[in-house]
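# Structural overview
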Amino acid sequence: MEMVGTIVHQLTRNLTEEQIKEGGFDAYFVNHTTGVYPADSSGSPFTAAYLQVKGDPITDIHEDLAAEQKARSTYDNILRFTDDPDVRDPIKFLRQREVVHYQRFGEGLRIITDQLDSKNFYAFNPAFDTRK
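Residues numbered from 1 in each chain as written. Predicted model: local features only at pLDDT ≥ 70, side-chain atom pairs only at ≥ 80, totals over all residues. Heavy atoms only, no water.

### Structural notes on the pattern of salt bridges
Note the following rule: Salt bridge, as used here: a side-chain nitrogen of Lys or Arg that lies within 4 Å of a carboxyl oxygen of Asp or Glu. Only runs of H or I of at least four residues qualify as helices and only runs of E of at least two qualify as strands under DSSP, and these elements are numbered from the N terminus.
Considering all chains together, one arrives at four salt bridges under this definition. The partner of Arg104 in a salt bridge is Glu107, with the nearest N and O atoms 2.9 Å apart. Placement of both Arg104 and Glu107 in helix H5 (residues 85-114) is noted, with a separation of three residues, approximately one turn of the helix. When the shortest N-O distance is used, the salt bridge between Asp114 and Arg110 registers 3.4 Å. Residue Asp114 and its partner Arg110 are both found in helix H5; the two are separated by four residues, about one turn of the helix.

Here is the structure:
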């Protein structure tokens, strides 16, 4: 989020008031000027509610896998909208990190499930429950 915020700041810090209005950023500017305020494209601010955790390793690692893919999809969409190499290069770097993270979480899921009773590994929370 920090790297994307930095890119946005670099692209917007020197905009004139007219450019801000033309770009549709006037409502944002009123509240935040050109400061980076973490919000999605519809203006909903970032919240810790986006971070899901259950305390169950299988559940949580699936959430991690999904988060990596959502981030990768977002980076893919950003890349569709720009041809500026100063934007594309760091976004491509971030996208590649999401792919690697997804692969590592997948390996983690395999390790977790290998340690469980393969016939019934959804029957208990391996962080708390024991096999009987």
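### Section: the environment of Asn125
The criterion, for reference: Contact between two residues is taken to exist if any of their heavy atoms lie within 4.5 Å; hydrogens are not considered.
Take Asn125: it is sitting in the segment after H5. Sequence separation between Asn125 and Ile58 is 67 residues; the distance between their C-alpha atoms is 8.0 Å. Not counting residues within four places of it along the chain, the set of residues in contact with Asn125 comprises Gly55, Asp56 and Pro57.

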